[in-house]
Amino acid sequence: MAVKVRIPTPLQRLTQGQEEVDGTPGTVIALINDLDKRFPGMGERISEAGKIRRFVNIYVNEEDIRFLNAEETVVKDGDEVSIVPAIAGGAKQ
Amino acid sequence: MTQLLIRRELLNEIIDHCKEVYPNEACGILAGRGGIIKKIYRAVNVDDSSVTYRIEPFQVLKNLKQDGLEMIAVYHSHPHSEAYPSLIDVERASDLDSAYVSIYVIVSLMHEEPEVRAFATSDRKVREVELIVS
Ligand SMILES: [Zn+2]
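Cut-offs and rules
- Residues numbered from 1 in each chain as written.
- Chains lettered and ligands numbered in written order.
- Predicted model: local features only at pLDDT ≥ 70, side-chain atom pairs only at ≥ 80, totals over all residues.
- Heavy atoms only, no water.
- Helix = DSSP H or I, 4+ residues; strand = E, 2+ residues; numbered from the N terminus.
- Buried < 20%, exposed > 50% of the residue type's maximum accessible area, 1.4 Å probe, protein only.
- Contact = heavy atoms within 4.5 Å.
- Pairing = 2+ DSSP bridges.
- Axes fitted to C-alpha atoms, helices over the stretch in contact; angles between N-to-C directions.
- Donors = N, O, S within 2.8 Å, 3.2 Å for Na, K, Ca; no water.
- pLDDT = per-residue confidence, 0-100.
- Expected span 1.5 Å × (residues − 1).
- Arc of directions from axis to C-beta.

Chemist: An account of the environment of A:Gly43 is requested, with residue identities and associated values reported.
Modeler: Residue and element names in this part refer to chain A. Turning to its location among the elements, Gly 43 is positioned in helix H2 (residues 42-46). We classify Gly 43 as buried; its relative accessible area is 7%. Separated by 41 residues in sequence, Gly 43 and Ala 2 have C-alpha atoms that sit 19 Å apart. Gly 43 has contacts with Ile 32 and Asp 36, leaving out every residue within four places of it along the chain.

Chemist: How would you sum up the sheet that holds strand E6 (residues 103-108) of chain B? Please name residues and give values.
Modeler: Residue and element names in this part refer to chain B. The seven strands are arranged E1-E8-E7-E6-E5-E2-E3 in an open sheet whose pairing can be described as mixed. Every interior strand has two partners, whereas the edge strands, strand E1 (3-6) and strand E3 (36-43), have only one. Each adjacent strand pair in this sheet contributes to an overall mean axis angle of 30°, direction not counted. Relative to strand E5 (residues 70-78), strand E2 (residues 27-33) runs antiparallel, the two being bridged by six bridges. Bridge pairing links Ile 29 to Val 74 in E5.

Chemist: Which residues make up the coordination of the zinc ion, and what values do they have?
Modeler: The zinc ion binds to the protein through A:Gly90 (O), B:His76 (NE2), B:His78 (NE2), B:Asp89 (OD) and B:Asp89 (OD); the donor distances cover 1.9 to 2.7 Å. Here B:His76 lies in strand E5 and A:Gly90 lies in strand E10 (residues 87-90), a pairing that spans two chains. Of the residues examined, B:His76 reaches a relative accessible area of 1% and is grouped as buried.

Chemist: Before we move on, could you go through the pairing of strand E9 (residues 80-85) of chain A and cite the residues and values that matter?
Modeler: Residues and elements named next belong to chain A. With five of its six residues buried, E9 lies for the most part within the structure. Here three bridges tie strand E1 (residues 3-6) to E9, and the two strands are oriented parallel to one another. Bridging from a neighbouring strand, Val 5 pairs with Val 81 of E9. Bridge count for strand E6 (residues 56-60) against E9 is five bridges, and the pairing is antiparallel. When the sheet's bridge partners are listed, Ile 58 is paired in E9 with Ile 83.

Chemist: Give a description of the confidence of the model for chain B that names residues and reports values.
Modeler: Residue and element names in this part refer to chain B. Of all residues in chain B, 99% attain a pLDDT of 70 or more, and the chain-wide mean is 95. Confidence scores differ between elements of chain B, with helix H3 (residues 87-93) showing the lowest mean pLDDT of 93 and helix H1 (residues 8-21) the highest of 98. Interface confidence in the predicted complex, given as ipTM, is 0.94; pTM for the same model is 0.94.

Chemist: Can you break down the environment of B:Ile40 residue by residue, with the values?
Modeler: Residue and element names in this part refer to chain B. Mapping Ile 40 onto the fold places it in strand E3. With twelve residues separating them along the chain, Ile 40 and Gly 28 place their C-alpha atoms 7.3 Å apart. Beyond its immediate chain neighbours, meaning those up to four positions away, Ile 40 contacts Leu 10, Glu 13, Ile 14, Ile 29, Leu 30 and Tyr 75.

Chemist: So what's going on with H1(B)? Which residues, and what values?
Modeler: Residues and elements named next belong to chain B. For H1, with 14 residues, the first-to-last C-alpha span of 20 Å sits near the 20 Å given by 1.5 Å per residue. All of the buried residues along H1 are Leu 10, Leu 11, Ile 14, Ile 15, His 17 and Cys 18. Each buried residue of H1 lies within a common arc of 155° when the element is viewed along its axis, so the set occupies one face.

Shown next, in the form of structure tokens:
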């Protein structure tokens, strides 16, 4: 049993269409870095210099990691991690 | 997609939402099955702004999945400008990493009568999609 990582539709092009992939237990940022090794490009889309990008939210078992330990939140086997990019725009300009 | 079909009552739900949060921008999801819009999901504008919107769609995506529906388009309002994608709209929609869908519905509240138009926006190109209300 591994960590279950749910990949959002826009990033499934990096996982050959897989909606769910296995992740390694440890901190969230380590898990992202490991995902990047198996799915090149994933890392830079989710994080920058060790921090989760402003327009991406990460949830561990439905809990927003901003309210946990952010990038250092620890995940273990059986946990579910969801990566959810925001949808944004505006009227400005 | 060159046409987007929507029932009058669903379109009214969108317009009502936009009017309720005016002067801020409203935003949400048009969801359905097989390209047919079945339900409107209101979203919270995390920016809480009158010039930008941002949906953090974790909860709404979960609700969609539970209801067995898929995202067809995203809507938002332009409280004080035309129903046409702004530069920031085009920019964000062209970012493949957050492009769940390519159809955007924009509601302008700048005139007495709300104006609603739909666009396919991707790769920095904007094409109008015919909105057919039944
Ligand atoms: Zn806009």
